[in-house]
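# Structure at a glance
Spelled out, the chains give:
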Amino acid sequence: MTRKVLCVIDTAYRCTLEEQDEPAIWITHAMRGAGADLAVLLRGNAVSYAVKGQDARGLAFGARTQTQPPQLDADVEKLAGKGVEVYVVEDDVAERGLERSDLIAGIKPVSRAGVGRLYGAHDQIWHW
Amino acid sequence: MEKKKFTLVLMDAPFENARTVSGLRLVDAALRKGHDVTVFAYEGAAALTFARQTPHANAVHGRDAAQEDHPLPREWVAALFAAARAGGQTLDWINCGLCVDERGVGEFIEGARRGSPADLWKAAEASDNTLVLGAK
């Protein structure tokens, strides 16, 4: 039987410029494509991944400019579009001065107090 | 004790974080207890089995290369492969292929292989449990 795994991400902007994506989000996409049953919880600084309208364009070293900067909000939104439930800790969102309206569509808020219940609803927790 | 299967995901580059040492110690402990282990080396961890890691002297320590006996992650992993063989356990070491290409570390020590996220999921499904040690 396929197990359901909750991927917890709290480290933000980890090698996102070099990879042009976020590696935990990327591998979730890739494993979803291989048939994995996954959900994602964004908490801590990683709640920023769900903020819409991010723009990482402009990086340049000398004449070498980055032409395909990361689009983290779009990557997270696409995950939701693939049937991956994406949760965000609403307390962490509020502590960073963000509003629900700042977040992309399809994100499911969960309270900090509700994280334990969310963990309990999954077979395994992978803390990236 | 019933034989179990355990999958470990490593993400840190060699020589940079104690998480890697802790992860390898977990692999060692699992093998010693007779369990099978799969390691998926993601991002910087794809260099852990790079065959061209080279020891060096250390002038601050006042030792030449032989005296310094610099530990290399590739040697630690090779020792884990040897321990697995000796004990009759399976150690499957999968390096994320794209991560390998990015870093130019495609020369692996014997036993390590190239794979993809689909291999990680396959290993996780076949394992009793999976532990992710993400870079922070």
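A quick note: this is a predicted structure, and the numbers were derived from the prediction, not measured. (Residues numbered from 1 in each chain as written. Chains lettered and ligands numbered in written order. Predicted model: local features only at pLDDT ≥ 70, side-chain atom pairs only at ≥ 80, totals over all residues. Heavy atoms only, no water.)

### So, the packing of helix H2 (residues 23–33) of chain A against helix H3 (residues 72–81) of chain A
Residue and element names in this part refer to chain A. Put simply, the rule reads: In this analysis, axes come from line fits to C-alpha atoms, helices being fitted only over the stretch in contact, and the angle between any two N-to-C directions falls in the range 0 to 180 degrees. A helix here means a DSSP run of H or I that spans at least four residues, while a strand means a run of E at least two residues long, and both kinds are numbered starting from the N terminus. For this classification, under 35 degrees means roughly parallel, over 145 means roughly antiparallel, 65 to 115 means roughly perpendicular, and everything else is oblique. Left-handed describes a crossing whose near helix is turned anticlockwise from the far helix by less than a right angle; the clockwise case is right-handed. Contacts are residue-level and defined by heavy atoms, with any inter-residue pair within 4.5 Å sufficient. Three classes are used, and their members are as follows: Ala, Val, Leu, Ile, Met, Phe, Trp, Tyr, Cys and Pro are nonpolar, Asp, Glu, Lys and Arg are charged, and the others, Gly among them, are polar.
Where H2 contacts H3, the axes come no closer than 10 Å and their chain directions differ by 30 degrees. Between H2 and H3, the angle falls in the class roughly parallel. Considering the relative orientation of H2 and H3, their crossing is left-handed. Seen from H2, the contacting residues are Ile25, Thr28 and His29; seen from H3, they are Asp75, Val76, Lys78 and Leu79. Here the residues of the contact of H2 with H3 sort into three nonpolar, two polar and two charged.

### What to know about the interface of chain B and chain A
Spelled out, the test is: As a working definition, buried area equals the accessible area (1.4 Å probe) given up by two parts on being put together, with both sides summed. Here a salt bridge means any side-chain nitrogen of Lys or Arg lying within 4 Å of a carboxyl oxygen belonging to Asp or Glu.
Across the contact, 22 residues belong to chain B and 24 residues belong to chain A. Carbon and sulfur atoms make up 64% of the area that chain B and chain A hide from each other, which totals about 1,800 Å². For the chain B face of the interface with chain A, the top three residues by lost area are Trp121, Val132 and Lys136 of chain B, together amounting to 34%. Here chain B is connected to chain A by one salt bridge. The residue Asp10 of chain A makes a salt bridge to Lys136 of chain B at a minimum N-O spacing of 3.5 Å. When contributions to the side of chain B that touches chain A are tallied by element, the ones reaching two or more residues are helix H4 (97–103), helix H5 (117–126) and strand S5 (129–133) of chain B. Here the side of chain B that touches chain A takes six residues from H5 of chain B, the largest share from any one element. Among the residues making up the side of chain B that touches chain A, the classes are represented as twelve nonpolar, four polar and six charged.

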